[in-house]
Amino acid sequence: MKFIIAIIKPFKLDDVREALTGVGVSGMTVTEVKGFGRQKGQTEVYRGAEYTTNMVPKLKIEVACSSAVAAQAVEAIQAAAGTESIGDGKIFTIGLEGAVRIRTGETGDTAI
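Summarised in this report is the structure supplied together with it. (Residues numbered from 1 in each chain as written. Predicted model: local features only at pLDDT ≥ 70, side-chain atom pairs only at ≥ 80, totals over all residues. Heavy atoms only, no water.)

Ranked by internal contacts, the top residues of the largest apolar core, which has 16 residues, are Ile4, Ile8, Val16, Leu20 and Val63. Residue assignment for this core shows that the elements contributing at least two residues are strand 1 (2-8), helix 1 (13-22), strand 5 (56-65) and helix 2 (67-81). Looking at which element gives the most residues to this core, the answer is helix 2, with 6 residues. Ignoring sequence-local partners within four residues, the contact set of Ile4 consists of Ile61, Glu62, Val63, Cys65, Ala70, Ala73, Val74, Ile77, Ile91, Phe92 and Thr93. (Core = buried A, V, L, I, M, F, W, Y, C linked by side-chain atoms within 4.5 Å. Buried < 20%, exposed > 50% of the residue type's maximum accessible area, 1.4 Å probe, protein only. Helix = DSSP H or I, 4+ residues; strand = E, 2+ residues; numbered from the N terminus. Contact = heavy atoms within 4.5 Å.)

What follows is the structure, given as structure tokens:
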């Protein structure tokens with residue numbers, strides 16, 4: 001199993017969700033976050049307004065999936081979230097040791 005963490009621009013959420021659904025990912029967690037990367041205080045466009053800041057609003061998407069689907073999920077996120085401009089975000093893939101569905105007690109891939 002793999003745990004995928006993606007930091008994306010907020011307006012790309014619907015595109016990413018549709019792309020992940022298309023490759024068989026059945027769920028995700030989304031958190032509003034702020035941060036900066038290489039652009040460090042450069043001008044950013046958010047909801048149609050241009051501004052300069054050192055902390056840019058982003059969304060963090062967390063997805064747990066089987067190892068067989070992970071590469072496709074990463075490609076789907078990259079294709080859907082990309083705008084070919086600075087600040088598109090990052091994708092991290094981490095090995096996931098285990099998962100348990102609280103309601104049924106299922107473990108592993110079946111819990112996802």
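What follows continues from the structure just given.
Attention now moves to the sheet that holds strand 6 (residues 89-95). One open sheet accounts for 4 strands, arranged 2-5-1-6; its pairing is antiparallel. Strands at the two margins of the open sheet, each flanked by one partner only, are strand 2 (29-35) and strand 6. Between one strand axis and the next, the sheet turns by 20 degrees as a mean value, whatever way the strands run. Judged from the 7 bridges that link them, strand 1 and strand 5 form a sheet pairing that is antiparallel. Along strand 5, the bridge assignment pairs Ile8 with Leu59. Contacting strand 1, strand 2 and strand 5, helix 1 runs over the sheet at an angle of about 10 degrees to strand 5. Set on the sheet, helix 2 makes contact with strand 1, strand 5 and strand 6; between it and strand 1 the angle comes to about 5 degrees. (Pairing = 2+ DSSP bridges. Axes fitted to C-alpha atoms, helices over the stretch in contact; angles between N-to-C directions.)

The next point concerns the pattern of salt bridges. What the rule picks out here adds up to 5 salt bridges. Where Lys9 meets Asp88, a salt bridge forms, and the shortest distance between an N and an O atom there is 3.6 Å. Within this pair, whereas Lys9 is found in the loop between strand 1 and helix 1, its partner Asp88 is found in the loop between helix 2 and strand 6, the two being separated by 79 residues in sequence. Assigned by exposure class, Lys9 and Asp88 land together as buried. Between Asp14 and Arg17 there is a salt bridge whose closest N-O contact spans 3.4 Å. With Asp14 and Arg17 both in helix 1, this residue pair falls 3 residues apart, about one helical turn. The class of Asp14 is partly exposed, set by a relative accessible area of 42%. (Salt bridge = Lys/Arg side-chain N within 4 Å of Asp/Glu carboxyl O.)

By themselves, these figures tell us nothing about what the structure is for.
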